[in-house]
Amino acid sequence: SVGHSHAYGIRADGSTELIPLKDDIESTPGFASVNDFLRGKRNILWITTDVQHSLAYTRSGEILRWVFNSGHRYSPEEFPGAVEAVFTGAGVLVLEQSGGVHYLADDTESTYSIPEDLPPVFAIHYGAGVFAAQTADGSWVTWGDESNGLARKIEEIGPAGDISFG
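Below or above, wherever it landed, is the structure these notes cover. (Residues numbered from 1 in each chain as written. Predicted model: local features only at pLDDT ≥ 70, side-chain atom pairs only at ≥ 80, totals over all residues. Heavy atoms only, no water.)

### Observations regarding the side chain of threonine 58
Line of reasoning, step 1. Examined against the element boundaries, threonine 58 turns out to sit in strand E4 (residues 53-58).
Line of reasoning, step 2. Threonine 58 sits in the buried class, given a relative accessible area of 1%.
Line of reasoning, step 3. Setting aside residues up to four positions removed in sequence, threonine 58 forms contacts with Asn43, Ile44, Leu45 and Leu64. (Helix = DSSP H or I, 4+ residues; strand = E, 2+ residues; numbered from the N terminus. Buried < 20%, exposed > 50% of the residue type's maximum accessible area, 1.4 Å probe, protein only. Contact = heavy atoms within 4.5 Å.)

### Describing the nonpolar core
Line of reasoning, step 1. Formed by 13 residues in total, the largest nonpolar core has its most connected members in Leu93, Val101, Val121 and Ile124.
Line of reasoning, step 2. Residue assignment for this core shows that the elements contributing at least two residues are strand E8 (91-96), strand E9 (101-105), strand E10 (121-127) and strand E11 (130-135).
Line of reasoning, step 3. Tallying contributions element by element places E10 first for this core, with three residues.
Line of reasoning, step 4. Discounting residues that sit within four places of it in the chain, leucine 93 has contacts with Glu84, Ala85, Val86, Thr88, Val101, His102, Tyr103, Ile114, Ile124, His125, Phe131 and Trp143.
Line of reasoning, step 5. With 12 residues, the next largest nonpolar core counts Leu38, Ile47, Leu64 and Trp66 among its residues. (Core = buried A, V, L, I, M, F, W, Y, C linked by side-chain atoms within 4.5 Å.)

### Points about the packing of aromatic side chains
For any pair of aromatic rings, the description consists of the separation of the ring centres together with the inter-plane angle of the planes.
Line of reasoning, step 1. According to the stated counting rule, one finds four aromatic pairs in the structure shown.
Line of reasoning, step 2. Look at tryptophan 46 and tyrosine 57: their rings are 5.3 Å apart centre to centre, the planes differ by 20°, and that puts the pair in the stacked class. Taken together, the residues tryptophan 46 in strand E3 (residues 44-49) and tyrosine 57 in strand E4 connect sequence positions 11 residues apart.
Line of reasoning, step 3. Taking the relative accessible area as the measure of exposure, tyrosine 57 reaches 4% and is therefore buried.
Line of reasoning, step 4. Their ring planes at 55° and their centres at 4.8 Å tell us that tyrosine 126 and phenylalanine 131 sit as a pair that is tilted.
Line of reasoning, step 5. Classification of tyrosine 126 by relative accessible area gives buried; the value is 19%.
Line of reasoning, step 6. Ring pairing ties together the aromatic residues Tyr103, Tyr126, Phe131 and Trp143, which thus form one cluster. (Phe/Tyr/Trp six-rings, centres within 6.5 Å; stacked < 30°, edge-to-face > 60°.)

Take a look at the structure:
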């Protein structure tokens, strides 16, 4: 997984390597803190990252989240069966094998909530303030910011193989 100034690699044994992409990144407080945090962990299945936020999913079902620049770490969260995670503006959307979706907010101020009637889904996306989840028949359910009309446009696509936010 590649971030703004760093990348993560996962070895066959589940250990990770933090790879600097800029010459001066190793001298930042976040690099040392994250490197120490990940050192010795041998059960990482996947890592995803954006510009500063990262998360790892372990074989035991834990989601580990951290902020690269500050080295801040959230408490581990248990999500056995997670198959995908998507960063949002204020948290992480998690998809489980069962098709259930959970939202891990970075703070209590988050205004997004998952629709109570959301059926099981097999794909999740986020972009421009809009959450999108694909149901078994290929159609899309959206929620979030509806001010730009994107949510409605996604739902109007109907059954589709995939969508991507740019």
